Amino acid sequence: MNSASTEQHIEFGIGDESYAIRISDIHEIIKMQEITDIPNCRSYVQGVINLRGRIIPVLSLRSLFGLNPDTATKSTRIIVVTHLEESVGIIVDKVSKVTTFADIQVPPDRVGGLNGNYFTGIGLTSSGLVGILKLDEVLLYE
């Protein structure tokens, strides 16, 4: 791969790590709100929210990535993405910025403790490496 990309991404943080999602996949970014629990869901599914009359499932990347549970702060956001005609909310610790990557490398088989399949690539920035999430893998995780 090793290519420059003019495609814009939203960079966000979970713990000390930086990740990104293509801006074209993002519907909106909202402040944390009350999430209604759904019994018998996977551990990373936090529940659902009502977004202007639409019920949207909300996932925790922290739980999916095996990190400590979410503790909402003033910086916590829900990134609402549209995937396969469905809207899904993803809880992140903070949204950093809109960015483009001068260089995107093919992800290794493992990124930290995570499966490399979660990523379309690793973006190189002046502040470090950013894992670019592959929504197909993250949202359809079994």
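Quick caveat, the model's predicted, so the values are computed rather than measured.

A. Up close: the nonpolar core. Residues Phe12, Ile21, Leu61, Phe65, Val81 and Leu133 are the most contacted members of the largest nonpolar core, which totals 23 residues. What Leu61 contacts, discounting residues up to four positions off in sequence, is Phe12, Ile14, Ile90, Ile91, Val92, Leu133 and Val138. Counting residues in hydrophobic clusters, the runner-up holds eight residues, among them Ile30, Leu51, Ile78 and Ile91.

B. Region of interest: the sheet that holds strand S9 (residues 103-105). The six strands are arranged S8-S1-S2-S13-S12-S9 in an open sheet whose pairing can be described as mixed. Both edges of this open sheet fall to strand S8 (94-99) and S9, since each of them pairs with a single strand only. Across this sheet, the average inter-strand angle for adjacent strands is 35°, counted without regard to direction. Inspection of the sheet shows strand S1 (residues 9-14) paired to S8 by five bridges, in the antiparallel sense. When the sheet's bridge partners are listed, His9 is paired in S8 with Thr99.

C. Highlighting the packing of aromatic side chains. Enumeration over the complete set of coordinates arrives at four aromatic pairs. Ring geometry for Tyr19 and Phe119: centres 6.1 Å apart, planes at 15°, overall stacked. One end of the pair, Tyr19, is in strand S2 (residues 17-22); the other, Phe119, is in strand S12 (residues 119-125), and 100 residues separate them in sequence. We note that Tyr19, like Phe119, is buried. In this structure an aromatic cluster arises from ring pairing among Phe12, Tyr19, Phe65, Tyr118 and Phe119.

D. Broad picture of the side chain of Asp25. Topologically, Asp25 is positioned in the loop between S2 and strand S3 (26-31). With a relative accessible area of 17%, Asp25 lands in the buried category. In contact with Asp25, not counting residues within four places along its chain, are Val81, Thr82 and Leu135.

E. View of the pattern of salt bridges. Here the structure, examined in full by the defined rule, presents four salt bridges. Close ionic contact of Arg22 with Glu7 constitutes a salt bridge, the shortest N to O distance being 3.6 Å. Within this pair, whereas Arg22 is found in strand S2, its partner Glu7 is found in the segment before S1, the two being separated by 15 residues in sequence. The class of Arg22 is partly exposed, set by a relative accessible area of 34%. On the basis of relative accessible area, Glu7 is assigned to the partly exposed category, the value being 36%. Close ionic contact of Arg52 with Glu28 constitutes a salt bridge, the shortest N to O distance being 2.4 Å. Of the two residues, Arg52 is situated in the loop between strand S4 (45-51) and strand S5 (54-60) and Glu28 in strand S3; the sequence distance between them amounts to 24 residues. Salt bridges here are not isolated pairs; linked through shared partners, they connect Glu7, Arg22 and Asp25.

The rules behind each value
Residues numbered from 1 in each chain as written. Predicted model: local features only at pLDDT ≥ 70, side-chain atom pairs only at ≥ 80, totals over all residues. Heavy atoms only, no water. Core = buried A, V, L, I, M, F, W, Y, C linked by side-chain atoms within 4.5 Å. Buried < 20%, exposed > 50% of the residue type's maximum accessible area, 1.4 Å probe, protein only. Contact = heavy atoms within 4.5 Å. Pairing = 2+ DSSP bridges. Helix = DSSP H or I, 4+ residues; strand = E, 2+ residues; numbered from the N terminus. Axes fitted to C-alpha atoms, helices over the stretch in contact; angles between N-to-C directions. Phe/Tyr/Trp six-rings, centres within 6.5 Å; stacked < 30°, edge-to-face > 60°. Salt bridge = Lys/Arg side-chain N within 4 Å of Asp/Glu carboxyl O.

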